[in-house]
Amino acid sequence: TQAAYFKLKSNSLSYLRLLENVVQDDLNSVVDSVSLDEWTSVIVVLCTFAKAEDFGPLCEALAARLEEGWSRADTESAKDYRRHATLCYLAAGNMEKVTRIWIAEQQEEVEENKGDDTVYATSLQHLMEKVTIFRKVIAFQDDAL
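Residues numbered from 1 in each chain as written. Predicted model: local features only at pLDDT ≥ 70, side-chain atom pairs only at ≥ 80, totals over all residues. Heavy atoms only, no water.

Take the packing of aromatic side chains next. Inspection of the entire model under this criterion finds 1 aromatic pair. Relative to Phe134, the ring of Trp102 lies with its centre 6.1 Å away and its plane at 80 degrees, an arrangement referred to as edge-to-face. Pair noted here: Trp102 is in helix 7 (residues 95-112) and Phe134 is in helix 8 (residues 117-137), with a separation of 32 residues, a long-range link. (Phe/Tyr/Trp six-rings, centres within 6.5 Å; stacked < 30°, edge-to-face > 60°. Helix = DSSP H or I, 4+ residues; strand = E, 2+ residues; numbered from the N terminus.)

Evaluation of the coordinates by the stated rule reveals 6 salt bridges. Linking Glu108 and Arg82 is a salt bridge whose minimum nitrogen-to-oxygen distance equals 2.8 Å. Residue Glu108 is found in helix 7, and its partner Arg82 is found in helix 6 (residues 75-92); the two are separated by 26 residues along the sequence. With a closest N to O distance of 3.6 Å, Glu111 and Lys114 form a salt bridge. For Lys114, a relative accessible area of 60% translates into the label exposed. Connected through salt bridges with shared partners, the residues Arg82, Glu105 and Glu108 form a single ionic network. (Salt bridge = Lys/Arg side-chain N within 4 Å of Asp/Glu carboxyl O. Buried < 20%, exposed > 50% of the residue type's maximum accessible area, 1.4 Å probe, protein only.)

This is the structure:
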């Protein structure tokens, strides 16, 4: 009965599609299909309904979509998408991808302030502080060391 109702009504009502995905424990579909402008709603759904072992991978999938939006968006939207992707990667505990975004931001800051030598040193220090703190928070272990 439930499946038949969802099949009949979910195409016309978006909240029923969401309910169907939650009931069927298909949060991947929510992450894959939602508009990037609704990313905060997806985080709420993940925080509420995702299993602990699924939360990280689902946040990473959302971050990857936001990162894709970052590469296709205009300048102002791109910065927003990048910031949102960073937050999702932080929630997922993905050290490599967060650091890659932070390095890109650091390089942009240096480029914007060419000629000011103190900006490079300060932005590099801030980058190292962020990486060190995040590494400690997630208890990151580098397998290559």
